[in-house]
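Summary of the model geometry
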Amino acid sequence: MSFGQGGSSQQWDPWKPNSQQPWSGGGSAGGSPDWAALADASEARAKRRRLLFIGGGALAAVAIGTAVAVAVVSAGGSNQASPGTESALPGVSDLPSATGTVPSFEPTSAPPPLDPKDFVASAQKDKAPLSPDILFPGTQLTMGDTVYKKGPTADTKDCASAAKSTLPKVLTDNRCTRLIRVTYSRDGVAVTVGVAVFATEAQATKAKQQADAKSIVKSLSGGGVKDFCVGAVCRSTTNAYGRYAYFTLAGFTSGKDVTEKDKAVFKTGDDLQEFTYRQIRRRGEAQASAAAAG
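Residues numbered from 1 in each chain as written. Predicted model: local features only at pLDDT ≥ 70, side-chain atom pairs only at ≥ 80, totals over all residues. Heavy atoms only, no water.

1. Describing the overall build of the chain
Broken down by element type, the chain carries five helices and eight strands. In the chain, the succession of helices and strands from N to C terminus is α-α-β-β-β-α-β-β-α-β-β-β-α. For the chain, with 294 residues in total, the buried portion stands at 30%. Contacts spanning at least 24 positions in sequence make up 65% of the contacts within the chain whose residues lie at least 6 apart. A total accessible area of about 19100 Å² is found for the chain, and carbon and sulfur atoms account for 56% of it. (Helix = DSSP H or I, 4+ residues; strand = E, 2+ residues; numbered from the N terminus. Buried < 20%, exposed > 50% of the residue type's maximum accessible area, 1.4 Å probe, protein only. Contact = heavy atoms within 4.5 Å. Areas by Shrake-Rupley, 256 points an atom, 1.4 Å probe, with all protein chains shown as cover.)

2. Some points on the packing of aromatic side chains
Using the criterion set out here, one finds two aromatic pairs in the structure. Ring plane angle 90° and centroid distance 5.2 Å describe the contact between Tyr241 and Tyr277, whose orientation is recorded as edge-to-face. Of this pair, Tyr241 sits in strand β7 (residues 235–241) while Tyr277 sits in helix α5 (residues 263–293), placing them 36 residues apart in sequence. Over the ring of Phe119 we find Lys125, and its NZ or CZ is 4.2 Å from the ring centre. In this structure, Lys256 is placed above the aromatic ring of Phe252, and the distance from its NZ or CZ to the ring centre is 4.3 Å. (Phe/Tyr/Trp six-rings, centres within 6.5 Å; stacked < 30°, edge-to-face > 60°. Lys NZ or Arg CZ within 6 Å of the ring centre and 35° of its normal.)

3. Side note on the sheet that holds strand β4 (residues 178–186)
On the basis of which strands lie adjacent, the open sheet formed by six strands has the order β1-β2-β4-β5-β8-β7 and antiparallel pairing. Where the open sheet ends on each side, the last strands, each with one partner, are β1 (140–143) and β7. Averaged over all pairs of adjacent strands, the angle between strand axes in this sheet comes to 25°, irrespective of strand direction. Of the pairings in the sheet, the one linking β7 to strand β8 (residues 244–252) comprises seven bridges and is antiparallel in character. Directly across from Arg235, in β8, lies its bridge partner Ala250. Most of the contacts of α5 go to β8, to which it runs at about 155°, and overall it touches β1, β2 (146–156), β4, β5 (189–197), β7 and β8. (Pairing = 2+ DSSP bridges. Axes fitted to C-alpha atoms, helices over the stretch in contact; angles between N-to-C directions.)

4. Quick look at the state of the cysteines
Inspection of every chain in the model, using the stated rule, returns two disulfides. Each sulfur of the disulfide joining Cys159 and Cys176 lies 2.1 Å from the other. The chirality of the disulfide connecting Cys159 with Cys176 is left-handed, given an S-S dihedral of about -75°. With Cys159 in the loop between β2 and β3 (163–165) and Cys176 in the loop between α3 (167–173) and β4, this pair connects stretches of sequence that are 17 residues apart. (Disulfide = S-S within 2.5 Å.)

5. Some remarks on the nonpolar core
Grouped together as the largest cluster of nonpolar side chains are 25 residues, with contacts concentrated most on Phe136, Leu141, Tyr184, Val195, Tyr244 and Leu272. Elements with a minimum of two residues in this core: β1, β4, β5, β8 and α5. Residue contacts for Phe136: discarding those within four places in its chain leaves Lys150, Val182, Tyr184, Val193, Val195, Phe275 and Thr276. Membership of the second largest hydrophobic core comes to 22 residues, among which are Cys159, Leu167, Val225 and Ala245. (Core = buried A, V, L, I, M, F, W, Y, C linked by side-chain atoms within 4.5 Å.)

6. Structural notes on the environment of Asp212
Here Asp212 lies in the loop between α4 (201–210) and β6 (215–217). With relative accessibility at 39%, the residue Asp212 sits in the partly exposed group. Spatially, the C-alpha atom of Asp212 lies 7.5 Å from that of Thr166, the residues being 46 residues apart in sequence. In terms of polar contacts, Asp212 uses its side chain to reach the side chain of Ser215, at 3.0 Å. (Polar contact = N/O pair within 3.5 Å; in protein donor to acceptor, adjacent residues only side chain to side chain.)

7. Section: unusual backbone geometry
At Arg175, a residue that is not glycine, the phi angle is positive and equals roughly 60°. In this structure, Arg175 sits in the loop between α3 and β4.

8. Describing the pairing of β1
Consecutive side chains of a regular strand alternate in pointing toward one face of the sheet and then the other. A one-sided burial pattern is seen for β1, the buried positions being Leu141 and Met143 and the unburied ones Gln140 and Thr142. With four bridges joining them, β1 and β2 adopt antiparallel strand pairing. Bridged to Leu141 within β2 is Tyr148. The turn linking β1 back onto β2 is made up of two residues, and Gly144 within it adopts a positive phi angle of 70°.

9. Thoughts on the pattern of salt bridges
Overall, the coordinates contain eleven salt bridges when judged by the stated rule. Close ionic contact of Arg283 with Asp126 constitutes a salt bridge, the shortest N to O distance being 2.9 Å. Of this pair, Arg283 sits in helix α5 while Asp126 sits in the loop between α1 (35–75) and α2 (132–135), and the two are 157 residues apart along the sequence. Of the residues examined, Arg283 reaches a relative accessible area of 10% and is grouped as buried. Between Arg281 and Glu285 there is a salt bridge, with the nearest N and O atoms lying 3.3 Å from each other. Of this pair, Arg281 and Glu285 are both found in helix α5, four residues apart, which corresponds to roughly one turn of the helix. (Salt bridge = Lys/Arg side-chain N within 4 Å of Asp/Glu carboxyl O.)

10. Things to note about the side chain of Thr146
With respect to the helices and strands, Thr146 occurs in strand β2. Within polar-contact distance, the side chain of Thr146 engages the side chain of Asp145 at 3.5 Å. What Thr146 contacts, discounting residues up to four positions off in sequence, is Leu141, Arg186 and Lys267.

Shown next as structure tokens:
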């Protein structure tokens, strides 16, 4: 029995699975394939691949263009971070300019602090009232834990009359205009402080330099203080600050000579010398403050 060409209802399609390619020759086992049909099918497959490749490339180009557009839109978006997040980069307007304006500062108009010594360096500026009770106020003096009782005071324009030995000449040569004295005492030891006033600091400094070991002020007794340092050895000091030269003379009210072992006498002289310096400096500070306030 033979099979006719229409024995199978399925047609061969190169793009459908399980489709069978027809053979010519009436189904003979030894028949050859239809080469023309195979060539046509191969060309059709190649053409379809080209169409798919072109279509896929176009879709890819569209996808890339969309991605770039999204990126551009995102880059042009707001730089403000949402709550709870941080902005990754500042906007162009937030970046500092290399040509920005450098801040300027007005020079200070505050004057330099006034030097207290300037106000006690000359009679022209040292105008505050001056007297023994202003320079040495009160009835006693406390230095540390030591209390000294204040005794008599004196004030004279004849500086040489209140000095002894080589000091009258020193004061006169440097034109001393005033000599203020005060005496303090404690436990049988007394000290007289003499403050010589000059017109300038240069004169006071020169008087200090010219004074020697014999340049002493006269001890001032009275008001319960016995005579002291009259014919006895006493301890003296000399110093100066501004237009003031100041001297101390300390000794025993009993008339006993002072030796290097008498520490109480040395301490009394040193305490009164330090206090006198402080008082003169305070005088300058008060006048400097008044000048600054005015």
